[in-house]
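# Summary of the model geometry
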Amino acid sequence: MIRVAIGGPRGKMGQQAVHTIMNNENMELIAVLDHKEIGKVLSEFPGFPASYDIPVFLDLESLIFSTKPDVFLDLTTPHQVFEHTKLCLQSEVRPVIGTTGFTDEQLQQCKVLSEKYQVGCIVAPNFAIGAVLMMKFAAMAAAYFPDVEIIEMHHDQKLDAPSGTAYKTAQMIAEVRPLHKQGHPLEEETIAGARGASYDGIPIHSVRLPGLVAHQQVLFGGDGQLFTLRHDSFNRQSFMSGITLSITHVMDLKELVYGLENII
Ligand code: NAP
């Protein structure tokens, strides 16, 4: 049995993850971390059944000290995720990080800590298998189509932009694509931001609208042709198989893995 703790159990992802772990016969949900008083056990919070007598902690250090989880699944916000990850690694608890918004520098620091303490860690910008394949295929296509733009679309409650998925897609494309100036050399923005953000010259456009969940298109332009890769997460169930896969896999790791494409 893998002993799992979850950060952010009231959130859109967190609620679904709680049910997923509770229904997994190889995993045990032993604690959750919140930052607001929601009761002593999870069942006191509306929406969770009376059988969910899982202790709620307001502080990660006490959670780790009292319950000693094997894995901490973080589904909180970009503001705390780095501190949570560092604390887990130093306490020999394996972090599985779904929260997006890590900077390259923070990721590097976590990599170093993971190796130092020999504690496995998975940082997954997207747990949906289809989105992971989209990133892989985008990197393959970029070798043939160097002119590429990314459009990511999310619900309007998302805190970070661009999305972790768009950022990772751009990184994977940049690794295989020669540095390349796109568009007209003299192009000008008459409204700032019109051409989107730029990662290594790859434009990224972030759309935020109610009704959306998580969607991305990668557009490749060539002579007389357009090649589009698209992935849609219509609901958060799409992320759950990637979460259980990561929790299982992290138990055998002694280093940090960034992106599910490295373990599927
Ligand atoms: P959400 O609905 O806002 O949930 C975040 C939850 O974390 C909220 O309940 C929030 O409480 C709580 N929280 C904030 N600070 C906390 C802390 N210090 N300790 C414990 N809980 C804390 O967001 P979501 O849509 O579930 O997404 C969560 C994260 O996962 C985001 O970073 C999102 O980008 C990412 N995400 C990743 C994937 C993936 O496949 N990797 C997929 C979807 C989303 P309050 O609201 O009361 O502040």
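It should be emphasised that the depicted structure is a prediction, and the values quoted were computed from it without experimental measurement. (Residues numbered from 1 in each chain as written. Predicted model: local features only at pLDDT ≥ 70, side-chain atom pairs only at ≥ 80, totals over all residues. Heavy atoms only, no water.)

## A look at the overall build of the protein chain
A tally of regular secondary structure across the protein chain gives seven helices and 12 strands. Whereas a compact globule of 264 residues would reach a radius of gyration of roughly 18 Å, the protein chain reaches 20 Å, a difference of no more than 12%. Projected onto the principal axes, the alpha-carbon positions of the protein chain cover approximately 60 × 40 × 30 Å. Split into buried and exposed, the 264 residues of the protein chain put 48% on the buried side. Summing over all exposed atoms, the protein chain offers an accessible surface of approximately 12,900 Å²; the carbon and sulfur share of this is 53%. Across the protein chain, the mean location of the 20 positive side-chain charges is 2 Å away from that of the 30 negative side-chain charges. (Helix = DSSP H or I, 4+ residues; strand = E, 2+ residues; numbered from the N terminus. Rg over C-alpha atoms; globule rule 2.2 N^0.38 Å. Buried < 20%, exposed > 50% of the residue type's maximum accessible area, 1.4 Å probe, protein only. Areas by Shrake-Rupley, 256 points an atom, 1.4 Å probe, with all protein chains shown as cover. Lys, Arg positive; Asp, Glu negative; His and termini not counted. Charge placed at Lys NZ, Arg CZ, Asp CG, Glu CD.)

## Remarks on helix 2 (residues 60-67)
Within the sequence span of helix 2, burial applies to Leu 60, Leu 63, Ile 64 and Thr 67. Viewed end-on, helix 2 has its buried residues packed into an arc of 100 degrees, placing them on one side of the element. Turned more than 90 degrees off the buried face of helix 2, the exposed positions are Glu 61 and Phe 65. Where helix 2 is buried, its residues touch strand 1 (2-7), strand 2 (27-33), strand 3 (56-57), strand 4 (71-74) and helix 3 (81-90). (Arc of directions from axis to C-beta. Contact = heavy atoms within 4.5 Å.)

## Observations concerning the domain arrangement of the protein chain
You can read the domains of the protein chain as domain 1 (2-123 + 237-262) and domain 2 (129-233). Its C-alpha centre places domain 1 at a distance of 28 Å from the equivalent point of domain 2. Every contact between the two is made by 14 residues of domain 1 and, on the other side, 15 residues of domain 2. Both sides of the domain 1 and domain 2 interface together cover about 1,200 Å² of buried area, and 59% of this is carbon and sulfur. At the junction of domain 1 with domain 2, the criterion picks out one salt bridge. Taken together, domain 1 and domain 2 are joined by eight residue pairs in polar contact (both at pLDDT 80 or more). Looking at the side of domain 1 that touches domain 2 residue by residue, the classes come out as four nonpolar, seven polar and three charged. (Domains from an automatic or database assignment. Buried area = accessible area lost by both parts, 1.4 Å probe. Salt bridge = Lys/Arg side-chain N within 4 Å of Asp/Glu carboxyl O. Polar contact = N/O pair within 3.5 Å; in protein donor to acceptor, adjacent residues only side chain to side chain. Nonpolar A, V, L, I, M, F, W, Y, C, P; charged D, E, K, R; others polar.)

## Quick word on the sheet that holds strand 5 (residues 94-97)
Taken in spatial order, the seven strands line up as 3-2-1-4-5-6-12 in an open sheet, and their pairing is parallel. Two strands bound the open sheet, and with one partner strand each, they are strand 3 and strand 12 (256-258). Both strand 4 and strand 5 contribute to a ladder of four bridges, which runs parallel. The partner of Leu 73 across the bridge, within strand 5, is Val 96. Relative to strand 12, helix 4 (residues 104-117) is tilted by about 150 degrees, and along the sheet it contacts strand 6 (121-123) and strand 12. (Pairing = 2+ DSSP bridges. Axes fitted to C-alpha atoms, helices over the stretch in contact; angles between N-to-C directions.)

## Thoughts on the pairing of strand 9 (residues 202-208)
Bridge count between strand 7 (residues 147-154) and strand 9: five bridges; the pairing is parallel. Its bridge partner being in strand 9, His 154 is matched across the sheet by Arg 208. Two strands pair when backbone bridges link them, and strand 8 (residues 197-199) and strand 9 are joined in this way by three bridges, in the antiparallel orientation. Note that in strand 9 the partner of Ala 197 across the bridge is Ile 204. The loop that links strand 8 with its antiparallel partner strand 9 comprises two residues; one of these, Asp 200, has a positive phi angle of about 55 degrees.

## Observations regarding the site of the ligand
Neighbouring the ligand are 23 residues, the closest being Met 13, Lys 36, Thr 100, Ala 124 and Phe 127. Gly 11 places a polar main-chain atom, nitrogen or oxygen, 3.3 Å from an oxygen atom of the ligand. Taking Lys 36, its side chain carries an N or O atom lying 2.6 Å from an oxygen atom of the ligand. A class-by-class count of the residues in the shell around the ligand yields seven nonpolar, 10 polar and six charged. (Near = heavy atom within 4 Å.)

## Section: the sheet that holds strand 10 (residues 214-222)
Read from one edge to the other, the open sheet built from five strands follows the order 8-9-7-10-11, with strand pairing classed as mixed. Of all the strands in the sheet, just strand 8 and strand 11 (225-233) have a single pairing partner and so form its edges. In this sheet, adjacent strand axes meet at a mean angle of 20 degrees when their direction is disregarded. On the sheet, helix 5 (residues 129-142) packs against strand 10 and strand 11 and is oriented at approximately 160 degrees with respect to strand 11.

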